Amino acid sequence: MNHAPRIRRALAVTAGLGLTLSLAACAEERAEDGGVLVGLITKTETNPFFVKMREGAQAAAEEHGVTLQTYAGDYDGDNEGQVQAVENLMAAGAAGILITPNDSAAIVPVLEQARASGIMVIALDTPVDPADAVDATFATDNFLAGELIGRWAAAHFEELDEEPRVAMLDLNPNQIAVDVARDQGFLQGLGVDIADPGVIGDEDDPRVVGHEVTEGAEEGGRTAMENLLQRDPDLNLVYTINEPAAAGAYEALKAAGVEEDVVIVSVDGGCPGVRNVGDGVIGATSMQFPLDMAALGVRAVAAHAADGTVPEASEGLDFIDTGVELITDLPKDGLESRDGAWGLDHCWG
């Protein structure tokens with residue numbers, strides 16, 4: 001196993017939930033008492049990624065002596081619910097808002113209102129569009145996350161002396177920044193000319209069987225995989241936007257009796273996905289660190305409330321990079337990675 005040093009890593013640290021006016025009223029009372037109120041708005045409340053994010057935010061809030069109030073959309077893509085949450089936090093007198101936007105562009109007007117009222121706004125995981133509509137963004141370098149699994153796949157198929165025929169299982173038709181970055185990073189790592197790096201599906205390479213969307217869910221991954229298998233029964237490599245989609249893709253491959261002939265790569269670093277690396281379901285995944293994103297965000301709001309400090313973006317990026325690790329039990333020469341055992345010690349969910 002390859003125990004090379006990590007590629008990048010940031011910090012580590014743990015929340016509740018709620019989207020009710022009564023809780024907002026309680027928060028308003030605390031804010032009026034002179035305390036610092038921080039709001040966390042996630043895409044949904046049940047996804048393990050966002051559960052871990054809330055945990056990180058809560059631990060950091062306790063560490064820095066601030067009050068945390070958490071909200072979530074009703075479903076992945078629920079912009080209206082997130083707008084209402086921002087408005088509730090504005091009314092509650094929040095000092096800062098942390099948000100994983102469901103719609104990177106549609107959320108901007110209400111975030112601009114929040115900033116105009118003196119609230120610090122920080123995007124987590126998913127950038128807003130335009131990126132400078134928030135004070136800072138804490139996120140995974142998603143292009144790098146995709147590129148790492150692309151480079152791993154390229155090396156793996158070179159070892160096999162086979163040409164990859166890749167099925168692309170993306171997120172949804174909206175082509176949000178995270179989806180585009182992972183997709184395009186993977187293809188570049190694999191050695192595919194990605195044409196416009198801001199657009200999914202415009203590549204012209206016979207190795208790419210096609211793209212299907214999954215909504216980042218297991219059932220979506222299963223359906224997308226079935227569709228692409230019908231298009232090309234001889235495909236041998238599957239890229240997935242995340243590990244739930246990978247699990248669904250594997251079930252479709254298994255039902256077709258070809259699971260031993262197809263390699264799956266993914267992004268996330270959740271504990272079920274890392275276990276799937278150990279079980280041979282996923283060949284390699286890129287681990288991200290949601291707990292760190294939220295903890296660093298809370299810390300930034302606390303610092304801003306104390307002295308006006310605004311965090312600076314990582315060098316060469318327009319966001320603060322919270323780290324990514326390649327997890328695989330099949331390491332490749334020249335490509336730093338961690339094994340599945342390390343992954344289980346650092347996974348989330």
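Just so you know, these numbers come straight off a predicted model, no measurement behind them. (Residues numbered from 1 in each chain as written. Predicted model: local features only at pLDDT ≥ 70, side-chain atom pairs only at ≥ 80, totals over all residues. Heavy atoms only, no water.)

*Asks:* What should I look at first to understand the overall build of the chain in this one?
*Replies:* Of regular secondary structure, the chain possesses eleven helices and 13 strands. Radius of gyration (C-alpha) of the chain: 20 Å, near the 20 Å computed for a compact globule of 349 residues. In terms of overall dimensions, the chain has C-alpha extents of about 65 × 40 × 35 Å along its principal axes. Put simply, the chain has 349 residues, and 56% of those count as buried. Carbon and sulfur atoms make up 47% of the accessible area of the chain, which totals about 13900 Å². (Helix = DSSP H or I, 4+ residues; strand = E, 2+ residues; numbered from the N terminus. Rg over C-alpha atoms; globule rule 2.2 N^0.38 Å. Buried < 20%, exposed > 50% of the residue type's maximum accessible area, 1.4 Å probe, protein only. Areas by Shrake-Rupley, 256 points an atom, 1.4 Å probe, with all protein chains shown as cover.)

*Asks:* Would you mind going over helix H9 (residues 271-278) with me for this structure?
*Replies:* Given 3.6 residues per turn, any residue in an α-helix points the same way as the ones three and four places further on. Buried within H9 are the following residues: Cys 271, Gly 273, Val 274, Asn 276 and Val 277. A positive phi of about 85° marks Gly 280, the residue just after H9.

*Asks:* Before we go on, may I ask you to explain unusual backbone geometry in this structure?
*Replies:* The phi angle of most residues is negative, glycine excepted, and most peptide bonds adopt the trans form. That bond from Asp 129 to Pro 130 is cis: its omega, 10°, falls within 30 degrees of zero. One can find Pro 130 in the loop between strand S5 (120-124) and strand S6 (136-139). Phi at Asp 125 takes a positive value of approximately 70°, unusual for a residue other than glycine. Note on Asp 125: relative accessible area 6%, which makes it buried. Phi is positive for Asp 161, close to 60°, though the residue is something other than glycine. By secondary structure assignment, the location of Asp 161 is in the loop between helix H5 (142-160) and strand S7 (166-170).

*Asks:* Just checking my understanding: could you explain the state of the cysteines for this structure?
*Replies:* Disulfide: a covalent bond connecting the sulfur atoms of a pair of cysteines. A full pass over the atoms with the stated rule returns one disulfide. Shown here is the disulfide that connects Cys 271 with Cys 347, its sulfur atoms set 2.0 Å apart. One disulfide, between Cys 271 and Cys 347, carries an S-S torsion of 90° and so falls in the right-handed class. Placement of the pair is Cys 271 in helix H9 and Cys 347 in the segment after helix H11 (340-346), with a sequence separation of 76 residues. You can call Cys 271 buried: its relative accessible area is 10%. (Disulfide = S-S within 2.5 Å.)

*Asks:* For this particular structure, what's the right way to read the confidence of the model for the chain?
*Replies:* Parts of the model with low pLDDT should not have their predicted coordinates read in detail. On average, residues of the chain score 91 in pLDDT, and 90% of them reach the 70 mark or higher. Contacts for the low-pLDDT stretch residues 1-32, under 50 throughout, to residues beyond four places or in other chains number 100 contacts. (pLDDT = per-residue confidence, 0-100. Contact = heavy atoms within 4.5 Å.)

*Asks:* So what exactly am I meant to see when it comes to the packing of H5 against helix H6 (residues 177-190) here?
*Replies:* Close contact between H5 and H6 brings their axes to 6 Å; oriented N to C, the two are set at 30°. In this view, H5 runs roughly parallel relative to H6, as classed from their interaxial angle. The chirality of how H5 crosses H6 is right-handed. From H5, Asn 142, Phe 143, Gly 146, Glu 147, Ile 149, Gly 150, Arg 151, Ala 153 and Ala 154 reach across to H6, where they touch Val 178, Ala 181, Arg 182, Gln 184, Gly 185, Phe 186, Gln 188, Gly 189 and Leu 190. (Axes fitted to C-alpha atoms, helices over the stretch in contact; angles between N-to-C directions. Parallel < 35°, antiparallel > 145°, perpendicular 65-115°, else oblique. Left-handed = near helix turned anticlockwise from the far one by under 90°.)

*Asks:* How should the nonpolar core be read in this particular structure?
*Replies:* Side chains that are nonpolar tend, in soluble globular proteins, to be buried together. If you look at the biggest cluster of nonpolar residues, it comprises 28 residues, and the most contacted ones within it are Trp 152, Val 166, Phe 186, Leu 237, Tyr 239 and Val 265. Of all the secondary-structure elements, those providing two or more residues to this core are H5, S7, H6, strand S9 (237-240), strand S10 (263-268) and strand S13 (323-327). No other element matches the seven residues that H5 contributes to this core. Non-local contacts of Trp 152, meaning those with residues more than four positions away in its chain, are made with Val 263, Val 265, Gly 283, Ala 284, Leu 326, Thr 328, Leu 330, Lys 332 and Leu 335. The next biggest cluster of nonpolar side chains, apart from the first, holds 26 residues, and it includes Phe 50, Leu 68, Phe 138 and Ala 295. (Core = buried A, V, L, I, M, F, W, Y, C linked by side-chain atoms within 4.5 Å.)

*Asks:* Help me understand the packing of aromatic side chains in this model?
*Replies:* Two measures describe an aromatic ring pair: the distance that separates the ring centres and the angle between the ring planes. Across all of its chains, the model carries three aromatic pairs by this definition. Taking the centre distance of 5.1 Å and the plane angle of 80° together, the rings of Phe 49 and Trp 348 count as edge-to-face. Of the two residues, Phe 49 is situated in helix H2 (residues 48-64) and Trp 348 in the segment after H11; the sequence distance between them amounts to 299 residues. Here the aromatic rings of Phe 186 and Tyr 239 are separated by 5.0 Å at their centres, their planes lie at 25°, and the arrangement is stacked. With a gap of 53 residues between them, Phe 186 in helix H6 and Tyr 239 in strand S9 connect regions that are remote in the sequence. Accessibility assignment for this pair places Phe 186 and Tyr 239 in one class, buried. (Phe/Tyr/Trp six-rings, centres within 6.5 Å; stacked < 30°, edge-to-face > 60°.)

*Asks:* Looking at this structure, I do not really get the sheet that holds strand S4 (residues 96-99). What am I missing?
*Replies:* Strand pairing in a sheet takes place through backbone hydrogen bonds and is either antiparallel or parallel in direction. Read across the sheet, six strands follow the order S3-S2-S4-S5-S6-S12 without closing on themselves; strand pairing throughout is parallel. Bordering the open sheet on either side are strand S3 (67-72) and strand S12 (320-321), each of which pairs with just one other strand. Two strands pair when backbone bridges link them, and S6 and S12 are joined in this way by two bridges, in the parallel orientation. Its bridge partner being in S12, Phe 138 is matched across the sheet by Ile 320. Contacting strand S2 (37-42), S4, S5 and S6, helix H10 (residues 290-307) crosses the sheet at an angle of about 170° to S5. (Pairing = 2+ DSSP bridges.)

*Asks:* Sorry if this is basic, but what is going on with the environment of Ala 167 here?
*Replies:* Among the secondary structure elements, Ala 167 is positioned in strand S7. In this structure, the C-alpha to C-alpha distance between Ala 167 and Ala 224, residues 57 residues apart in sequence, is 9.2 Å. If we skip the residues at most four places from it in the chain, Ala 167 touches Gly 210, Met 225, Leu 228, Leu 235, Leu 237, Val 238 and Tyr 239.

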